[in-house]
Amino acid sequence: MRNLDRKLVAGNWKMNLLRQDAQWLMAEIIGMLADEESRDVRVAIIPSFVHIGALAQQASADKRFGIGAQNCSDKISGAYTGEVSASMINSVGGKYIIIGHSERRAYFNESNEQLLNKTKLTLSEKLTPIFCCGELLADRNSENYFEIVKQQLTNSLFELSVDDFKNTVIAYEPVWAIGTGLTASPDQAQEMHAFIRKLVADKYGADIADQTTILYGGSCNEKNAKELFSLPDVDGGLIGGAALKSRSFIEIIKALP
Ligand code: PEP
């Protein structure tokens, strides 16, 4: 049975947009979603750290929006020059934190232990972690993709207690589909999402698995979103490039069943 509360669309703006452009885009998205008043959806907007406070204020009147961060420190506080803590993100109005995006895993060598710490700190602030997993093209070609995703979850996220885990969102993002224009086919996406839900059920039980939000990410756009979001185990999307265009992003939100 599909749980409608699982639905979420999150836009990851990555390292794009200066302050005024970020506020313009936010204003456009707020305006367009206001025209869709009857739509009961959850939308996360995830800009650079430096815009979180301003966008959280800007979007505060529409409870469908939550602003988030693309990363946080794995430390609570202290002498870690350049780092940003989960509590700082909370203090400026952030609601979500992306953990373990493939760009951070690849360019910043984030370990499973760090990702687990980041997830725990996010949860200790009562924010929602969006925990990313997904295989490289080489893993897909060598048919090793189930094992890779299982390891990413087992060696990190699944160390959480059940009470922590149930407040976590998972995003399946095949690395070969991120920013490439290649999208997982509906069969590939459903197969992996069902696999992830089964892993969650084995670890935390069927009820928790049924309530877990599992997003698809990787070149999701206004043309393919409807088909992907209609799959039984796909609960919405983590959107990169298409989240930077208000019209495309709104069409993606409207593609939620
Ligand atoms: C992402 O970076 O999380 C992402 C899904 O990017 P894109 O939609 O551009 O592939």
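Given the structure is predicted, the values throughout are model-derived calculations rather than measurements.

(A) Seen up close, unusual backbone geometry. In this structure, Lys126 takes a positive phi of about 65° despite not being glycine. Within the element layout of this structure, Lys126 appears in the loop between α5 (112-124) and β5 (128-133). Backbone geometry at Ser219 places phi at a positive 55°, although glycine is not the residue there. Here Ser219 lies in the loop between β7 (214-217) and α11 (225-229).

(B) A look at the pattern of salt bridges. All chains considered together, the criterion is met by 14 salt bridges. Where Asp163 meets Lys166, a salt bridge forms, and the shortest distance between an N and an O atom there is 3.3 Å. On the accessibility criterion, Asp163 (47% relative accessible area) is partly exposed.

(C) Seen up close, the packing of helix α7 (residues 145-154) against helix α9 (residues 186-204). Closest axis-to-axis distance for the α7/α9 pair is 11 Å, and the angle between their directions is 40°. If you check the angle between α7 and α9, you find them oblique. In the crossing of α7 with α9, the sense of the turn from one axis to the other is right-handed. Residues Tyr145, Phe146, Val149, Lys150 and Leu153 of α7 touch α9, and the partners they reach there are Glu191, Met192, Phe195, Ile196 and Leu199. Taken together, the residues that form the contact of α7 with α9 break down as 8 nonpolar, no polar and 2 charged.

Parameters at a glance
Residues numbered from 1 in each chain as written. Predicted model: local features only at pLDDT ≥ 70, side-chain atom pairs only at ≥ 80, totals over all residues. Heavy atoms only, no water. Helix = DSSP H or I, 4+ residues; strand = E, 2+ residues; numbered from the N terminus. Salt bridge = Lys/Arg side-chain N within 4 Å of Asp/Glu carboxyl O. Buried < 20%, exposed > 50% of the residue type's maximum accessible area, 1.4 Å probe, protein only. Axes fitted to C-alpha atoms, helices over the stretch in contact; angles between N-to-C directions. Parallel < 35°, antiparallel > 145°, perpendicular 65-115°, else oblique. Left-handed = near helix turned anticlockwise from the far one by under 90°. Contact = heavy atoms within 4.5 Å. Nonpolar A, V, L, I, M, F, W, Y, C, P; charged D, E, K, R; others polar.

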